[in-house]
Amino acid sequence: MRKSLLGFVLAAALLPVSLVHAGVKEDLDAGKSVEEIIAQAKADGADIEAILGQIIANAPDKAYAAVAAAMVAFPGQVSQIKSFALSRGLDAATVASISANPGLFSGVNGVPAGAPAGFSGSPTAGGSSGGPGPAASPT
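These numbers were taken from a predicted model, which means no experiment stands behind them.

**Considering the overall build of the chain**
Consideration 1: Scanning the chain for helices and strands turns up seven helices and zero strands.
Consideration 2: Scanning the chain from its N terminus toward the C terminus, one meets helices and strands in the order α-α-α-α-α-α-α.
Consideration 3: Looking at the chain as a whole, 36% of its 139 residues are labelled buried.
Consideration 4: Considering only contacts within the chain whose residues lie at least 6 apart along the sequence, 60% involve residues at least 24 apart.
Consideration 5: Of the roughly 7,800 Å² that the chain leaves accessible, carbon and sulfur atoms contribute 62%.

**Details of the packing of aromatic side chains**
The geometry of an aromatic ring pair comes down to the distance between the two centres and the angle between the two planes.
Consideration 1: A full pass over the atoms with the stated rule returns zero aromatic pairs.
Consideration 2: Taking NZ or CZ as reference, Lys-42 lies 5.5 Å from the ring centre of Phe-74, over its face.

**Here's the deal with helix H2 (residues 34-44)**
Consideration 1: Within the sequence span of H2, burial applies to Val-34, Glu-35, Ile-37, Ile-38 and Ala-41. Angular distribution of buried residues about the axis of H2 spans 165°; they occupy a single face of the element. For H2, the exposed residues set more than 90 degrees away from the buried face come down to Ala-43 and Asp-44.
Consideration 2: One or two residues past the end of H2 sits Gly-45, with phi positive at roughly 75°.

**Observations regarding the packing of helix H3 (residues 48-58) against helix H5 (residues 78-87)**
Consideration 1: Here H3 crosses H5 at 35°, and the two axes come no closer than 11 Å. The element H3 and its partner H5 pack so that their crossing is right-handed. For the pair formed by H3 and H5, the contact residues are Ile-48, Glu-49, Leu-52, Gly-53 and Ile-56 on the first element and Gln-80, Ile-81 and Phe-84 on the second.
Consideration 2: Grouping the amino acids of the contact of H3 with H5 by side-chain chemistry returns five nonpolar, two polar and one charged.

**Concerning the confidence of the model for the chain**
Should pLDDT be low for a region, the predicted coordinates there are not to be read in detail.
Consideration 1: Of the residues in the chain, 59% have a pLDDT of 70 or more, and the chain-wide mean is 74.
Consideration 2: Here helix H1 (residues 2-29) is the element of the chain with the lowest mean pLDDT, 61, and H5 is the one with the highest, 95.
Consideration 3: This model gives residues 124-139 a pLDDT under 50, and the stretch forms 23 contacts once residues within four places in sequence are excluded.

**Examining the side chain of Ser-99**
Consideration 1: Tracing the chain through its elements places Ser-99 in helix H6 (residues 92-100).
Consideration 2: At 2.9 Å, the side chain of Ser-99 and the backbone oxygen of Ala-96 are in polar contact.
Consideration 3: Apart from residues lying up to four places away in sequence, Ser-99 is in contact with Met-71, Val-78 and Lys-82.

**Considering the nonpolar core**
Consideration 1: Counting 30 residues, the largest nonpolar core has Ile-38, Ile-48, Ile-51, Leu-52, Ile-55, Ile-81 and Leu-90 as the members making the most contacts within it.
Consideration 2: Those elements that provide at least two residues to this core are H1, H2, H3, helix H4 (63-73), H5 and H6.
Consideration 3: Considering every element that reaches this core, the biggest residue donor is H4, with 10 residues.

**Regarding the pattern of salt bridges**
Consideration 1: Applying the stated criterion across every chain, the model contains two salt bridges.
Consideration 2: In this structure, Lys-25 engages Asp-29 in a salt bridge whose closest nitrogen and oxygen atoms are separated by 3.4 Å. Of this pair, Lys-25 and Asp-29 both sit in helix H1, four residues apart, which is roughly one turn of the helix.
Consideration 3: With a closest N to O distance of 3.7 Å, Asp-27 and Lys-32 form a salt bridge.
Consideration 4: Judged by its relative accessible area of 35%, Lys-32 is partly exposed.

Definitions and cut-offs
- Starting from 1, residues in each chain are numbered consecutively following that chain's sequence as written.
- Local features in a predicted model are, by the rule used here, given only for residues with pLDDT of at least 70; side-chain atom pairs are given and counted only at 80 or more, and totals for whole chains, interfaces and linings are based on all residues.
- Each side-chain value is worked out from all heavy atoms of the structure, with water and hydrogens disregarded.
- Strands are runs of DSSP state E lasting at least two residues, helices are runs of H or I lasting at least four, and both sets are numbered from the N terminus onward.
- Exposure categories follow from relative accessible area, calculated using a 1.4 Å probe and restricted to protein chains: below 20% of the type maximum is buried, above 50% is exposed, and the middle band is partly exposed.
- Residue contacts are defined here by distance: any two heavy atoms, one from each residue, within 4.5 Å place the two residues in contact.
- Areas reported as accessible are Shrake-Rupley estimates using a 1.4 Å probe. Residue values count occlusion only from the protein chains shown.
- Each pair of aromatic rings taken from Phe, Tyr and Trp, with Trp reduced to its six-membered ring, is defined by centres within 6.5 Å and is described as stacked if the planes are under 30 degrees apart, edge-to-face if over 60, and tilted in the remaining cases.
- The rule for a charge over a ring is simple: NZ of Lys or CZ of Arg within 6 Å of the ring centre, and within 35 degrees of the ring normal.
- Throughout, the arc means the angular range of directions from the helix axis out to the C-beta atoms.
- For every element, the axis is a line fit to its C-alpha atoms; helices are fit only across the contacting stretch, and the angle between N-to-C directions ranges from 0 to 180 degrees.
- Each crossing is labelled by how the near helix is turned from the far one, with a counterclockwise turn of less than a right angle marking it left-handed and a clockwise turn marking it right-handed.
- Polarity classes work like this: nonpolar for Ala, Val, Leu, Ile, Met, Phe, Trp, Tyr, Cys and Pro, charged for Asp, Glu, Lys and Arg, and polar for all others, with Gly in that last group.
- Looking at any residue, its pLDDT shows the predictor's confidence there, from 0 to 100.
- Two N or O atoms form a polar contact when they lie within 3.5 Å of each other; inside protein one atom must be a possible hydrogen donor and the other a possible acceptor, and for residues adjacent in sequence the pair counts only when both atoms belong to side chains.
- We define a nonpolar core as any set of buried Ala, Val, Leu, Ile, Met, Phe, Trp, Tyr and Cys residues linked to one another through side-chain atoms lying within 4.5 Å.
- Here, a salt bridge means any Lys or Arg side-chain nitrogen found within 4 Å of an Asp or Glu carboxyl oxygen.

Following this line, the structure appears as structure tokens:
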């Protein structure tokens, strides 16, 4: 009896983690913006690091937009979000720029407002900063 009760408690403790994982992936597949996903996570009382981790894992092209949206939604946790983003390999200079003014970088569908032409939001596209890559040489 005691072992089955312990198994039930363990399964119940892991349930929210598995629901967060499935929910974020499904929301991304359904075309929801990172702002919508993070707003829903905040309303649900979900752990922001768990949500960011799932967004970064499932949609790396939206990583920086997700970090900005998380900083806007959780202004008291900017330092924690910044540390988490850096631990996931995002560019330190870009994350620092976002943390200085997250509202400027919070945009729609992974492209920050005011982003330069060609910005992809990906931590791997166009160089380490996720920016547009090297400029064309003048002719």
